Amino acid sequence: MPKTRLRLVGALAAVLVAAGVTTGTPAQAHERPATLAELAHRHGRYFGSATDNPELTDTAYTSVLGSEFDMITPGNGMKWYATEPQQGVFDWTNGDEIVDLARANHQRVRAHTLVWHSQLPDWLTGRDWTADELRAVLKKHIQTEVRHYRGKVYSWDVVNEAFNEDGTYRDTIWYRTLGPGYIADALRWAHQADPHAKLYLNDYNIEAVGPKSDAYYRLAQELKAQRVPLDGVGLQAHLALQYGYPTTLEDNLRRFSRLGLDTALTEVDVRMILPATDEKLAQQADWYRDLTAACLAVRRCVGITVWDYTDKYSWIPAFFPGEGAALPYDEQLRPKPAYFAIRQALGGK
Ligand code: 9MR
């Protein structure tokens, strides 16, 4: 095209853009700041939040949940006590409610959790089982639940919190009765039931390199060597200002990546001893910024999920009396310094 014609076309385009004619997107779309999900997406990551059924009647809450995040984890609705309250009787009410809401909001779901020692129904914990009986109970639970959500969830936390702090196996009904092989069995059964779901092991206090994360590293190596279908390791990241930041987080994520595994920060919160001061909130913001940057720095760290997004619905005050203020939004659903620090780490304004 000759130069003058080019200049004319350019000028015309500028006029049309100024008039809002050519872009096809409403002018507000450009003014609205990008959401955490959109910012994370630019890095090929997701940004998620846990939620729980009782909160879903709070429309101010669900409005932010539905817009700011692109991955949802049910905090309780898919746990054993909720999904198989009597042996062989399954109840999908709470899990389905969250999956349906996520679908309506075009969000994916990190499903949580199939094999855990906690929040089990009484029929399961209230009697003794032989290994054969318990194996059959576990297989049926896993396969029925995974099949129910087949094609509807991105991933499963298949086994949750299997190790002690010193890296030995946690003494649970599963380990005691079935031995350590229950983990490989659970992964294989889940994979049969939904071959496309990403299968994770998930735990807390494994953000830093240390005895507990070493145990996961060794187990992951073994499982990979045996071709057990393991896709990722979830680092819960329930952090506390008074215990210090896990400075080896990035190295730790990287060593799992090198094994050919995905990693994710799955239940992030950063609690503090109350009252929350400006200083503590600023330190908390630094931690959120740093952990976000650590995930972005490691190729196979696929995303970050906060363990609910607002202090209004955090689990912390009930479990750690005198502590709280752990999440990026305060109890009035106002973004805190931590929220802006995450945005900054994600390259947003
Ligand atoms: O957020 C969950 C809370 O509502 C429950 O009361 C609690 C019971 O243990 O479980 C919470 O979620 C846990 C998650 O399932 C596994 N990692 C630790 C989380 C916080 O306890």
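This structure is a prediction, so every number in the text was calculated from the model and none was measured.

**Focus: the overall build of the chain**
No. 1: Helices and strands together make up the secondary structure of the chain, namely 15 helices and 10 strands.
No. 2: Compactness check: the chain gives a C-alpha radius of gyration of 22 Å against a globular reference of 20 Å for 349 residues, within 12% of the reference.
No. 3: The C-alpha extent of the chain, read off along each of the three principal axes, is 85 × 45 × 40 Å.
No. 4: For the chain, the share of sequence-separated contacts (at least 6 apart) that also reach a separation of at least 24 residues comes to 76%.
No. 5: Counting only carbon and sulfur atoms, one obtains 53% of the accessible surface of the chain, whose full area is about 15900 Å².
No. 6: For the chain, the centre of its 38 positive side-chain charges and the centre of its 43 negative side-chain charges are spaced 10 Å apart.

**Section: the site of the ligand**
No. 1: Residues in close proximity to the ligand total 13 residues, the closest being Asn-76, Lys-79, His-112, Glu-267 and Trp-307.
No. 2: A distance of 2.7 Å separates a nitrogen atom of the ligand from a polar side-chain atom of Glu-267.
No. 3: Contact between the ligand and Trp-307: an oxygen atom at 2.8 Å from a side-chain N or O atom of the residue.
No. 4: Of the residues that constitute the shell around the ligand, the class distribution is 4 nonpolar, 6 polar and 3 charged.

**Details of the packing of helix H11 (residues 211-225) against helix H12 (residues 249-258)**
No. 1: Taken N-terminus to C-terminus, the directions of H11 and H12 make an angle of 10°; their axes are 10 Å apart at the nearest point. Considered as vectors, H11 and H12 are oriented roughly parallel to each other. Residue-level inspection shows Ser-213, Asp-214, Tyr-216 and Tyr-217 of H11 in contact with H12, the latter providing Asn-252, Arg-255 and Phe-256.
No. 2: Of the residues that constitute the contact of H11 with H12, the class distribution is 3 nonpolar, 2 polar and 2 charged.

**Quick word on the nonpolar core**
No. 1: Counting 92 residues, the largest nonpolar core has Leu-124, Trp-156 and Trp-174 as the members making the most contacts within it.
No. 2: The dominant element in this core, judged by the number of residues it contributes, is helix H10 (residues 182-193), at 8 residues.
No. 3: Leave out the neighbours within four places in its chain, and Trp-174 touches Trp-80, Val-115, Trp-116, His-117, Leu-120, Leu-124, Leu-134, Leu-138, Gly-179 and Tyr-182.

**Quick word on the state of the cysteines**
No. 1: Taken as a whole and judged by the stated rule, the model has 1 disulfide.
No. 2: The side chain of Cys-295 participates in a disulfide bridge whose partner is Cys-301; the two sulfur atoms lie 2.1 Å from each other. For the disulfide bridge between Cys-295 and Cys-301, the dihedral angle about the S-S bond is near -100°, and by the sign convention the bridge is left-handed.

**Observations regarding the UniProt feature "domain: GH10" (unreviewed entry) in the chain**
No. 1: What UniProt calls "domain: GH10" (unreviewed entry) maps, in this numbering, to residues 50-345.
No. 2: In the segment residues 50-345, helix accounts for 42% and strand for 18%; the C-alpha atoms at its two ends are 21 Å apart.

**Comments concerning the pattern of salt bridges**
It is possible for side chains bearing opposite charge to pair when their charged atoms get close.
No. 1: Using the criterion set out here, one finds 17 salt bridges in the structure.
No. 2: As a salt-bridge pair, Asp-311 and Lys-336 come within 2.7 Å of each other at their nearest N and O atoms. On the criterion of sequence distance, the pair formed by Asp-311 in the loop between strand S9 (301-306) and helix H14 (316-319) and Lys-336 in the loop between strand S10 (323-324) and helix H15 (337-345) is long-range, its members being 25 residues apart.
No. 3: Overall, the relative accessible area of 5% leaves Lys-336 in the buried class.
No. 4: Look at the salt bridges and you will find they share partners, linking Asp-132, Arg-135 and Asp-185 into a network.

**Regarding the pairing of strand S3 (residues 108-115)**
No. 1: The element S3 is largely enclosed, with a buried count of 7 among its 8 residues.
No. 2: Bridge analysis of S3 against strand S4 (residues 155-160) gives 4 bridges, and the strand direction is parallel. Note on S4: the bridge partner recorded for Ala-111 is Trp-156.

**Notes on the packing of aromatic side chains**
No. 1: Applying the stated criterion across every chain yields a total of 21 aromatic pairs.
No. 2: With centroids separated by 4.9 Å and ring planes inclined at 85°, the aromatic side chains of Tyr-61 and Tyr-313 adopt a geometry described as edge-to-face. Here Tyr-61, found in helix H4 (residues 59-68), pairs with Tyr-313, found in the loop between S9 and H14; they are 252 residues apart in sequence, far enough to count as distant.
No. 3: Tyr-313 sits in the partly exposed class, given a relative accessible area of 23%.
No. 4: Each ring, one from Trp-315 and one from Phe-320, has its centre 5.6 Å from the other, and the planes form 70°; the classification is edge-to-face.

**Some details on the environment of Leu-187**
No. 1: For Leu-187, the location among the structural elements is in helix H10.
No. 2: Not counting residues up to four positions away in its chain, the partners in contact with Leu-187 are Val-158, Leu-199, Leu-201, Leu-223, Val-228, Pro-229 and Leu-230.

**Some points on unusual backbone geometry**
No. 1: Note that the residue after His-112, namely Thr-113, is joined by a cis bond; omega there is 0°.
No. 2: Locating Thr-113 in the fold gives a position in strand S3.
No. 3: Cis rather than trans, the peptide bond between Leu-274 and Pro-275 has omega equal to 5°.
No. 4: Position of Pro-275 relative to the elements: it lies in the loop between strand S8 (262-273) and helix H13 (278-297).
No. 5: In this structure, Gln-119 takes a positive phi of about 50° despite not being glycine.
No. 6: Here Gln-119 shows up in the loop between S3 and helix H7 (122-125).
No. 7: At Glu-161, a residue that is not glycine, the phi angle is positive and equals roughly 60°.
No. 8: Examined against the element boundaries, Glu-161 turns out to sit in the loop between S4 and helix H9 (173-178).
No. 9: For Glu-161, a relative accessible area of 8% corresponds to the buried category.

Thresholds applied
Residues numbered from 1 in each chain as written. Predicted model: local features only at pLDDT ≥ 70, side-chain atom pairs only at ≥ 80, totals over all residues. Heavy atoms only, no water. Helix = DSSP H or I, 4+ residues; strand = E, 2+ residues; numbered from the N terminus. Rg over C-alpha atoms; globule rule 2.2 N^0.38 Å. Contact = heavy atoms within 4.5 Å. Areas by Shrake-Rupley, 256 points an atom, 1.4 Å probe, with all protein chains shown as cover. Lys, Arg positive; Asp, Glu negative; His and termini not counted. Charge placed at Lys NZ, Arg CZ, Asp CG, Glu CD. Near = heavy atom within 4 Å. Polar contact = N/O pair within 3.5 Å; in protein donor to acceptor, adjacent residues only side chain to side chain. Nonpolar A, V, L, I, M, F, W, Y, C, P; charged D, E, K, R; others polar. Axes fitted to C-alpha atoms, helices over the stretch in contact; angles between N-to-C directions. Parallel < 35°, antiparallel > 145°, perpendicular 65-115°, else oblique. Core = buried A, V, L, I, M, F, W, Y, C linked by side-chain atoms within 4.5 Å. Buried < 20%, exposed > 50% of the residue type's maximum accessible area, 1.4 Å probe, protein only. Disulfide = S-S within 2.5 Å. UniProt positions renumbered as here; feature names shortened; annotations may be inferred. Salt bridge = Lys/Arg side-chain N within 4 Å of Asp/Glu carboxyl O. Pairing = 2+ DSSP bridges. Phe/Tyr/Trp six-rings, centres within 6.5 Å; stacked < 30°, edge-to-face > 60°.

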